[in-house]
Amino acid sequence: MSNNPFERFKTDPESLEKALTPLQYEVTQHAATEPPFQNEYWDHHAEGIYVDIVSGEPLFASLHKFDSGTGWPSFYRPISEQYMQFKTDYELWIPRTEVRSRYAGSHLGHVFNDGPAPTGLRYCINSASLKFIAKHEMQAAGYGEWLALFEAGAQK
């Protein structure tokens, strides 16, 4: 058995369907895409982190969020790639890189090579796959180790 606390959150589909909204379920479990500009986090600017709605795996920090003009939350880098897996998909007849959470396997969105410096990447993510944890709630919610991201000099 692994010591990773996020592995325990992958539940049976019936329980998961009851726990999530229909849109959250379709996005995370069936790789659906929510409408642009009509989702919770596309224009969200509070400080904190975004975690997988299914497992709570820490995925992105508000520090790395930018306005891509696409209508979906966009980030130029994840908190840590250890909580992600990447797969090539051909849904639009051209290869794209799908982003999924590592332990829950939730579909998050896609990553593209047209983002800003310093990475040149754009993680285009569905709000429906995310839960936001405000900076002032991170310690109590069990994400205290990620508060260091918000310290001066750590924002690279």
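Across its full length, the protein chain carries 2 helices and 9 strands. Of all 156 residues assigned to the protein chain, the portion counted as buried reaches 46%. Sequence-distant contacts, at least 24 apart, represent 56% of the contacts inside the protein chain between residues at least 6 apart. Accessible surface for the protein chain amounts to roughly 8400 Å². Of this, 52% is attributable to carbon and sulfur atoms.

Our focus in this paragraph is the sheet that holds strand β7 (residues 107-112). Pairing within the open sheet is antiparallel, and its 6 strands lie in the order β3-β4-β8-β7-β6-β5. Lying at the two open borders of the sheet, with one neighbouring strand each, are β3 (65-66) and β5 (84-89). Inspection of the sheet shows β7 paired to strand β8 (residues 122-125) by 4 bridges, in the antiparallel sense. Looking at the pairing, phenylalanine 112 lines up with arginine 122 of β8.

Across all of its chains, the model carries 9 aromatic pairs by this definition. Between the aromatic rings of tyrosine 41 and tyrosine 50, the centroid separation amounts to 5.3 Å while the plane-to-plane angle is 80°, which identifies the pairing as edge-to-face. Neither tyrosine 41 nor tyrosine 50 differs from the other in exposure class; each is buried. Taken together, a centroid distance of 6.4 Å and an interplanar angle of 75° make the contact between tyrosine 83 and tryptophan 146 edge-to-face. Here tyrosine 83, found in the loop between β4 (74-75) and β5, pairs with tryptophan 146, found in the segment after β9 (130-134); they are 63 residues apart in sequence, far enough to count as distant. Take tyrosine 83: its relative accessible area is 7%, and that puts it in the buried class. Connected via pairs of aromatic rings, a cluster forms that spans Tyr41, Tyr50, Phe60, Phe75, Tyr123 and Phe132.

Parameters at a glance
Residues numbered from 1 in each chain as written. Predicted model: local features only at pLDDT ≥ 70, side-chain atom pairs only at ≥ 80, totals over all residues. Heavy atoms only, no water. Helix = DSSP H or I, 4+ residues; strand = E, 2+ residues; numbered from the N terminus. Buried < 20%, exposed > 50% of the residue type's maximum accessible area, 1.4 Å probe, protein only. Contact = heavy atoms within 4.5 Å. Areas by Shrake-Rupley, 256 points an atom, 1.4 Å probe, with all protein chains shown as cover. Pairing = 2+ DSSP bridges. Phe/Tyr/Trp six-rings, centres within 6.5 Å; stacked < 30°, edge-to-face > 60°.

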